[in-house]
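# Working through the structure, step by step
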Amino acid sequence: MNPAIAQPRFLHGREIAPFPSWEQRVPIVPSGRCPIALSEDQRTLSRREHDLFLSFNRVSSYRLPLELQFFVLAIQWKRDTLVESSPWRMAVHPAYQRIIGLGWQAVPLILRQLACEADFWFEALVAITGEQPVLPEHAGKIEAMRLDWLCWGREHGYDC
Amino acid sequence: MTAEEIRLAEQAISRIFPGLQTGWFEVKSPRTTDYNCIGWAVDDDRNWLWPGERYWPNGIRTDESVAAFVAVFATKGYTPCEGGALEPNFEKIALYVNDQATVTHAARQLSDGRWTSKLGSQWDIVHSLEGVCGSPPAYGQVAQILRRPVPISSQDAR
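Cut-offs used in this document
- Residues numbered from 1 in each chain as written.
- Chains lettered and ligands numbered in written order.
- Predicted model: local features only at pLDDT ≥ 70, side-chain atom pairs only at ≥ 80, totals over all residues.
- Heavy atoms only, no water.
- Helix = DSSP H or I, 4+ residues; strand = E, 2+ residues; numbered from the N terminus.
- Rg over C-alpha atoms; globule rule 2.2 N^0.38 Å.
- Axes fitted to C-alpha atoms, helices over the stretch in contact; angles between N-to-C directions.
- Left-handed = near helix turned anticlockwise from the far one by under 90°.
- Contact = heavy atoms within 4.5 Å.
- Nonpolar A, V, L, I, M, F, W, Y, C, P; charged D, E, K, R; others polar.
- Buried area = accessible area lost by both parts, 1.4 Å probe.
- Salt bridge = Lys/Arg side-chain N within 4 Å of Asp/Glu carboxyl O.
- Polar contact = N/O pair within 3.5 Å; in protein donor to acceptor, adjacent residues only side chain to side chain.
- Buried < 20%, exposed > 50% of the residue type's maximum accessible area, 1.4 Å probe, protein only.
- Pairing = 2+ DSSP bridges.
- pLDDT = per-residue confidence, 0-100.

## Some details on the overall build of chain B
Broken down by element type, chain B carries five helices and seven strands. Traced from its N-terminal end to its C-terminal end, chain B shows the element sequence α-α-β-α-α-β-β-β-β-β-β-α. A compact globule built from 158 residues would reach a C-alpha radius of gyration of about 15 Å, and chain B, at 15 Å, matches this within 12%. Principal-axis analysis of the C-alpha atoms gives chain B an extent of 40 × 35 × 30 Å.

Structure below.
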């Protein structure tokens, strides 16, 4: 085994960081022989890595902050509906449905997205707010629909 | 569009449409949400047209079936026909459907026999009839070809 090449390491079935570089530069045992025991430093390091792993494990189970959760879902939705023409198929995408499931707390985030660029957030806004501020003559005119919703947002105190 | 923008668009399109990975196609416009494939098929680059409230002309069947699309294109003078071969003095539209026989897309034939499409809220491209076929997110298969006589003024422009 070439000590200069990091080998994959696993802890509780999950791949973890390779050995630190100092160990690769200063092999504990001569090349060609397997180490039969861990040095005190290695033991300390392993304990710390183990603790670190466990703390990451706990952290990763936390719910993401709302804004991050929204952006992750929005990116999934945009990626999967890139060339979709049907507003209805866009709206039934699981990520879009989860955004609707965020409820009123998603409204400012959606309006801020809509302020940045026109996109098919209209169905989510209708579903969450129960409102329909799009004028009938603006049907199918995406920019006009966007401005109608932004106007609604400002009238309701949103920063958009 | 810059050369870099076109290159990135081509990469993205090739990933979505297997038929365009080996076949030719050209990106013709920047991304826009102003109009979609149905609008583009009927030369309307200001409206996003789709069956349902707020996206479809009033009084027409509002489902995503081929029959509903044939009905709305009939209001523009299109009638069903056989095959996508170029016919002098006719312009054609192809309707694509997915496995559930739901319309996914429309493309319009150009006067040189090639087809032009607006890809959702993304770019316009020129491609072959089968180029955008394939499993989702590609557009499935061609289900219906429609045609109408080319208006005299358009024939002059051609």
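## Points about the packing of helix α7 (residues 122-129) of chain A against helix α8 (residues 142-155) of chain A
Residues and elements named next belong to chain A. Contact geometry for α7 and α8: axes closest at 11 Å, N-to-C directions at 30 degrees. Relative to α8, the crossing made by α7 is left-handed. Listed contacts from α8 to Phe122, Leu125, Val126 and Thr129 of α7 are Ile142, Met145, Arg146, Trp149 and Trp152. In the contact of α7 with α8, the residues fall into seven nonpolar, one polar and one charged.

## A few points about the interface of chain A and chain B
Across the contact, 19 residues belong to chain A and 26 residues belong to chain B. Across the chain A/chain B interface, buried area totals approximately 1,900 Å², and carbon plus sulfur atoms make up 54% of it. At the boundary of chain A with chain B, the tally comes to two salt bridges. With a shortest N-O distance of 3.6 Å, A:Arg89 and B:Glu64 are connected by a salt bridge. The interface formed by chain A and chain B holds twelve residue pairs in polar contact (both at pLDDT 80 or more) in total.

## Here we look at the pairing of strand β5 (residues 115-118) of chain B
Residue and element names in this part refer to chain B. The alternating pattern of β5 places Trp115 and Ser117 on one face and Thr116 and Lys118 on the opposite face, and all of these are buried. Across two bridges, the pairing between strand β4 (residues 103-109) and β5 is antiparallel. Looking at β5, one finds that Gln109 is bridged to Trp115. Counted between consecutive antiparallel strands, the loop separating β4 from β5 contains five residues, among which Gly113 sits at a positive phi close to 95 degrees.

## Re the confidence of the model for chain A
In this model, chain A carries a mean pLDDT of 81, and residues with pLDDT of at least 70 account for 65%. Note that pLDDT drops below 50 for residues 21-30 of chain A; the model gives that stretch twelve contacts with residues more than four away or on any other chain.

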